[in-house]
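Commentary on secondary and tertiary structure
In case you want the letters, here they are:
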Amino acid sequence: MIGHCDMDSTNNARAVVIPWYLVLPLLYVSKLKPTTEIALSIPSNFRLMRNGLFLSGVVSSTSVAQSGTPMAYTDPDTGITFDTWTVPEALSKGGFTFGMALPSDALTTDATEFIGYLLCSSQNATFTGWCGVSLGGTMTNSLLLLAYPYDEDILTSFRYTSSYHMPDLYTGDAKLTQISTSINATHYSLIFRCSNCLQWTQGSASGNASTSNGLVNLGWAQSFPAPGNPGSPSNISLHYHDNGHNIWAATLKNAPNPSYTDWIKATATGSSTKAGPTAAPTTSVPAGTTTPK
């Protein structure tokens, strides 16, 4: 039996309990069309069970969806324009936004890099959290990028896994260069260049996100508990993403931009993190959180 439904005295459904390792494979989505939205219909007190622990998801609606249609956002400090996709409060407390800017020819020739934007949620000074993006949509067999605030910096780590466990360090040649960061009590944001991030190789496995298709499958996850051993991004441990996760087909509407090369030249002096065991912590200067309008 996959799970069970507890019943109260009036025979009304009270909670559904499903082992997390049986739920995650159901989230796999492939060959999504540009208009596809992933809808979740779950009770407001839905609970996932992991290693004997119950993780409660706060859902304000019985039916919520992750849209693949982007909203254009121009960062006021750098002038970089992104296609952004925002996760509503119903899916993740505090919300979550991911943005992408691409080389001008990305719709005709598959891009290997992008400029990214992350806006992630913290609960308070203790539960500062972590957030992550899958550049292939699924948790498995995709390049994963994790970010979290620590000691007035935002640290990052490239990860990869072929199964549902703590992702290993990615050993390919991906490189992240920070452009700007901000941290406050409820959110943290990062603008970055991600080189060699839209194609990946881990051992004998490889994959890519094909921008010439006009859309890419992406995934996101958030957690409020901060990573274990946070001062060393290569050696962190992660709590389960208790603040939501999802997959969506991201339509690339305005992401390719003729100013991409100019943006890269103007921001080439940022600190960087390379994939692999020698990945170094990044540095940043906190400021007020920037939110897409």
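We now turn to the structure provided with this report. If you're wondering where the values come from, they're calculated on a predicted model, not measured in any experiment.

Conventions we followed
Residues numbered from 1 in each chain as written. Predicted model: local features only at pLDDT ≥ 70, side-chain atom pairs only at ≥ 80, totals over all residues. Heavy atoms only, no water. Helix = DSSP H or I, 4+ residues; strand = E, 2+ residues; numbered from the N terminus. Contact = heavy atoms within 4.5 Å. Areas by Shrake-Rupley, 256 points an atom, 1.4 Å probe, with all protein chains shown as cover. Pairing = 2+ DSSP bridges. Buried < 20%, exposed > 50% of the residue type's maximum accessible area, 1.4 Å probe, protein only. Polar contact = N/O pair within 3.5 Å; in protein donor to acceptor, adjacent residues only side chain to side chain. Disulfide = S-S within 2.5 Å. Phe/Tyr/Trp six-rings, centres within 6.5 Å; stacked < 30°, edge-to-face > 60°.

Things to note about the overall build of the protein
- Regarding its fold elements, the protein presents 2 helices and 21 strands.
- Of all intrachain contacts in the protein linking residues separated by at least 6 positions in sequence, the fraction that spans at least 24 positions is 64%.
- Entry remark: accessible area of the protein is about 13,400 Å², with carbon and sulfur atoms responsible for 53%.

Some thoughts on the sheet that holds strand β20 (residues 245–251)
- Judged by pairing direction, the sheet is antiparallel, and its 6 strands sit side by side in the order β14-β13-β12-β11-β19-β20 without closing on themselves. Where the open sheet ends on each side, the last strands, each with one partner, are β14 (168–169) and β20.
- With 7 bridges joining them, strand β19 (residues 215–223) and β20 adopt antiparallel strand pairing. What sits directly across from N217, in β20, is A249.

Topic: the environment of L176
- Relative to the elements of secondary structure, L176 occurs in strand β15 (residues 175–183).
- According to the relative accessible area criterion, L176 is buried, its value standing at 0%.
- Along the chain, L176 and I115 lie 61 residues apart, while their C-alpha atoms are 9.4 Å from each other.

Some details on the pairing of β19
- Where burial is concerned, most of β19 is hidden: 9 out of the 9 residues are buried.
- Neither face of β19 is open: one carries L215, N217, G219, A221 and S223, the other V216, L218, W220 and Q222, and all of them are buried.
- Of the strand pairs in this sheet, strand β11 (residues 130–134) and β19 are connected by 5 bridges, and their pairing is antiparallel. Considered in β19, the bridge of W130 is made with S223.

Focus: the environment of W85
- Residue position: W85 is located in strand β8 (residues 81–87).
- From its side chain, W85 meets the backbone oxygen of G68 in a polar contact 2.9 Å long.

Topic: the state of the cysteines
- A complete count under the given rule lists 2 disulfides for this structure.
- What pairs with C194 in a disulfide is C197, and their sulfur atoms sit 2.0 Å apart. Residues C194 and C197 share a disulfide whose torsion about the S-S bond is about -80°; that sign makes it left-handed. For the pair C194 and C197, a shared accessibility class is recorded, and that class is buried.

Here we look at the packing of aromatic side chains
- The tally for this structure, following the rule as stated, stands at 7 aromatic pairs.
- Arranged with centres 6.5 Å apart and planes meeting at 20°, the rings of W85 and F98 form a pair that is stacked. Of this pair, W85 sits in strand β8 while F98 is found in strand β9 (residues 96–101), placing the two residues 13 residues apart along the sequence. Of the two residues, W85 and F98, neither departs from the other in class, the shared state being buried.
- Ring centres 6.2 Å apart and planes at 55° place the aromatic pair W85 and W248 in the tilted group. With W85 in strand β8 and W248 in strand β20, this pair connects stretches of sequence that are 163 residues apart. Exposure class is identical for W85 and W248. Each is buried.

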